Amino acid sequence: MCRRMALLTLFLSGLCNVLAADPKPNVVLIYADDLGYGDVSCYGAKRVSTPNIDRIAREGIRFTDGHCSSGTCTPSRFSMLTGEYAFRKSGTGVLPGNAPLIIPPTTHTLAKVFQQSGYATGVVGKWHLGLGGPEGPDWNGNIRPGPAEVGFGESFIIPATGDRVPCVYVENGRVAGLDANDPIEVSFKEKVGKEPTGRANPDLLKMRWHHGHDMTIIKGISRIGWMSGGKAALWEDETMADTLAQKAVRFIEKHKKEPFFLYFGLHDIHVPRVPHPRFANKSGMGPRGDCILQADFCVGEILKTLDKQGLAGNTILLFTSDNGPVVNDGYHDDAVIKLGDHKPAGPLRGGKYSNFEGGTRVPFLLRWPEKVKPAVSDALVCQVDFLASFAKLLQQTTTRGDGPDSLDMLTAFLGHDPTGRKLLVEHANRLSLRQGTWKYIEPGKGPKRAPGTDTELGQDPAGMLFDLSRDLGETTNLIGSQPERAKAMAAKLLEIRSAKSHR
Ligand code: NG6
Ligand code: CA
């Protein structure tokens, strides 16, 4: 008992020390796209080496059971920024490039948590949460509401994805480099403009589409959606990583004298995978592997900047991904042929789109040199909890409606609690419940693999139950042998789903 008290005192004094942190720590959240649990060397990749990402792992906490909220991008980002499970809100699935903003401007958000405490806030990179009011974005005017209304004082974004039109950057609510005499038109319903398409003119392509991605050709690659105009503003796929890294670095340099929060959404390693020539053919695994090297370079640019500016010690650096890995996501880019024995999801089953662990269990690293000791943590943690945890760190009080599914997991994030969440809903094409190391996947009918891709979805008409402590690869479905446990977990899942909040 005495020892317990002593430990508790030690822990509480550690927590007070963190909560009183002054000056306030900067926070940089690097969010990779489609990067799998097994895609980086600090999680076991052998054929590709990611020294910068590995450095964060070495100097910080490497979570072995860290999750994004969903098996795809938009819902993961939605719930990370709002602290609300995306399955509660219809319209939070993968968005077209001209969708309206799906986070109502009145919503409390992760970025607003930082703003409330006087931080400079910025987003650089992939957005994919929609832009504009109900009628969608005005690409030729002021694009509002958008990141500013979500709590980001500065923004330089890819509106949706690299494979969706419009292929332009939006800087603080305006298309960067737009010539007013060449207005942009975008449609996801029908062809607009006279530009050739991947379907009609495959001869013009520098990378062929495999499924989908057969609409307007922009810079030799056909995309999802049709677009015309905006020629001077079109991005170069090859320089995208450099452009975004430079913007992120500039944001840090600009705000080095005040607390800042930077959300840096990498484009890599999403399709189309078009690395800069200095990374091309360097991984031996084709463009997918080359883009992993490029993502690692972007991380290195942030690390270098924090070192150079003397900010590393009091900056919380987070590195994670928006969903699990996919090999063929719609283009012939050699990813399948050159994969060899590389396992993008490591020991996990499934990947992007999937209910299996590979869908949401992703690389998850946190470094805070002045306060956090390097460690490996098996705590169950999720990005949906950033909102409540950072609110706690900044000593803010939140109401139940602010981030309704976001739990204060600060002690787990900082390495003091080895358990983390007791319950977590994983969301992909079905819902699953994690309870400790048990995992229940609700029943689901439909295809075994995501259409066109090679990813196993993980659905079974009777549901599935796995004991991840013995069977991390989810090979043995225990639903028949442990019906009582499955029933109890199904009931718990229903209860969470029917509630408005899980706090
Ligand atoms: C899918 C696209 C896929 C990718 C994904 C979104 C097709 C056939 N597939 O619909 O290529 O863009 O959406 O990825 O169009 S995410 O990482 O942004 O969620
Ligand atoms: Ca993604």
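Thresholds, definitions, all that
- Residues numbered from 1 in each chain as written.
- Chains lettered and ligands numbered in written order.
- Predicted model: local features only at pLDDT ≥ 70, side-chain atom pairs only at ≥ 80, totals over all residues.
- Heavy atoms only, no water.
- Near = heavy atom within 4 Å.
- Polar contact = N/O pair within 3.5 Å; in protein donor to acceptor, adjacent residues only side chain to side chain.
- Areas by Shrake-Rupley, 256 points an atom, 1.4 Å probe, with all protein chains shown as cover.
- Nonpolar A, V, L, I, M, F, W, Y, C, P; charged D, E, K, R; others polar.
- Domains from an automatic or database assignment.
- Donors = N, O, S within 2.8 Å, 3.2 Å for Na, K, Ca; no water.
- Tetrahedral: all angles 85-135°; square planar, octahedral: opposite > 155°, others 65-115°.
- Helix = DSSP H or I, 4+ residues; strand = E, 2+ residues; numbered from the N terminus.
- Buried < 20%, exposed > 50% of the residue type's maximum accessible area, 1.4 Å probe, protein only.
- Pairing = 2+ DSSP bridges.
- Contact = heavy atoms within 4.5 Å.
- Axes fitted to C-alpha atoms, helices over the stretch in contact; angles between N-to-C directions.
- Parallel < 35°, antiparallel > 145°, perpendicular 65-115°, else oblique.

Trainee: How would you sum up the site of ligand 1? Please name residues and give values.
Mentor: Near ligand 1 you find 20 residues, and of these Cys 73, Asp 163, Arg 164, Asp 329 and Lys 352 are the closest. Contact distances for ligand 1 include 2.9 Å between an oxygen atom and a backbone N or O atom of Cys 73. Summarising the interface, the protein chains cover 84% of the accessible area of ligand 1, which totals 450 Å² for the free molecule. Across the shell around ligand 1, the residue classes break down as five nonpolar, seven polar and eight charged. For the shell around ligand 1, the two domains that each supply at least three residues are domain 1 (23–179 + 235–413) and domain 2 (185–228).

Trainee: Kindly report on the coordination of the calcium ion (ligand 2), identifying the contributing residues and their values.
Mentor: Asp 33 (OD), Asp 34 (OD), Asp 322 (OD), Asp 322 (OD) and Asn 323 (OD1) make up the full set of protein donors to the calcium ion (ligand 2), lying at 2.2 to 2.7 Å. Bound by six donor atoms, the calcium ion (ligand 2) shows angles of 51 to 173° at the metal and therefore irregular coordination geometry. Here the donor residues of the calcium ion (ligand 2) are spaced in sequence according to D-D-x287-D-N. Of this pair, Asp 33 sits in the loop between β1 (26–32) and α2 (51–59) while Asp 322 sits in the loop between β12 (315–321) and β13 (364–367); the two residues are 289 residues apart in sequence, bridging distant segments of the chain. With respect to burial, Asp 33 and Asp 322 carry one shared label: buried.

Trainee: Give a detailed account of the pairing of strand β3 (residues 120–126), specifying residues and quantitative values.
Mentor: By the criterion of burial, β3 is predominantly enclosed, with seven of the seven residues buried. As paired strands, β3 and strand β11 (residues 260–265) are joined by six bridges and run parallel to one another. Within β11, the residue paired with Val 124 across the bridge is Phe 264. Pairing of β3 with strand β4 (residues 154–158), which is carried by five bridges, proceeds in the parallel orientation. Bridge assignment links Val 124 to a residue of β4, and that residue is Phe 156.

Trainee: Any chance you could break down the sheet that holds strand β2 (residues 61–67) for me, citing the residues and the numbers?
Mentor: Adjacent strands of a sheet pair through backbone hydrogen bonds, lying either parallel or antiparallel. Strand order in the open sheet made by the ten strands is β6-β5-β4-β3-β11-β1-β12-β13-β2-β14, with mixed pairing throughout. A strand with exactly one partner marks an edge of an open sheet, and here the two such strands are β6 (174–175) and β14 (375–382). Along the sheet, helix α7 (residues 286–308) contacts β1, β11, β12 and β13; its crossing angle with β12, the most-contacted strand, is approximately 175°. Against the sheet, helix α8 (residues 386–393) engages β1, β12, β13 and β14, with an angle of about 175° to β12.

Trainee: Please set out the domain arrangement of the chain residue by residue, giving values where relevant.
Mentor: The domain boundaries assigned to the chain delineate domain 1 (23–179 + 235–413), domain 2 (185–228) and domain 3 (423–498). The straight-line distance from the C-alpha centre of domain 2 to that of domain 3 is 38 Å.

Trainee: If you had to explain the environment of Val 165 to someone new, which residues and values would you point to?
Mentor: Tracing the backbone through its elements, the reader meets Val 165 in the loop between β4 and β5 (170–171). As for Val 165 and Arg 497, which are separated by 332 residues in sequence, their C-alpha atoms are 34 Å apart. The contact partners of Val 165, leaving out residues within four places of it in the chain, are Gly 97, Val 186, Phe 188, Ile 218, Arg 223, Ile 224, Gly 225, Trp 226 and Met 227.

Trainee: Describe the environment of Ala 488, listing the residues and the values that go with them.
Mentor: Positionally, Ala 488 belongs in helix α10 (residues 483–498). You can call Ala 488 partly exposed: its relative accessible area is 47%. Measuring from C-alpha to C-alpha, the distance between Ala 488 and Pro 374 comes to 37 Å, with 114 residues separating the pair along the chain.

Trainee: Which residues make up the packing of α2 against α7, and what values do they have?
Mentor: How two helices sit against one another is set out by the angle between their axes and by the gap between those axes. Following both chains from N to C, one finds α2 and α7 inclined at 55°, their axes separated by 7 Å at the closest point. Taken as axis vectors, α2 and α7 run oblique relative to one another. Residues Pro 51, Asn 52, Ile 53, Arg 55 and Ile 56 of α2 form the contact with α7, whose own contacting residues are Asp 296, Phe 297, Val 299, Gly 300, Leu 303 and Asp 307. When its residues are assigned to classes, the contact of α2 with α7 shows six nonpolar, two polar and three charged.

Trainee: Let's hear about the sheet that holds strand β18 (residues 464–467): which residues, and what values?
Mentor: Ordered by their spatial adjacency, four strands build an open sheet running β15-β16-β17-β18, and the pairing between neighbours is antiparallel. Edge positions in the sheet fall to β15 (423–427) and β18, since each of these pairs with one other strand and no more. Mean inter-strand twist for the sheet, computed between neighbouring axes without regard to direction, equals 20°. Here strand β17 (residues 438–441) runs beside β18; their pairing, made up of four bridges, is antiparallel. Residue Lys 439 lies in a different strand from β18, and its bridge partner there is Phe 466. Helix-sheet contacts for α10 involve β15, β16 (431–435), β17 and β18, and the interaxial angle to β16 is about 115°.

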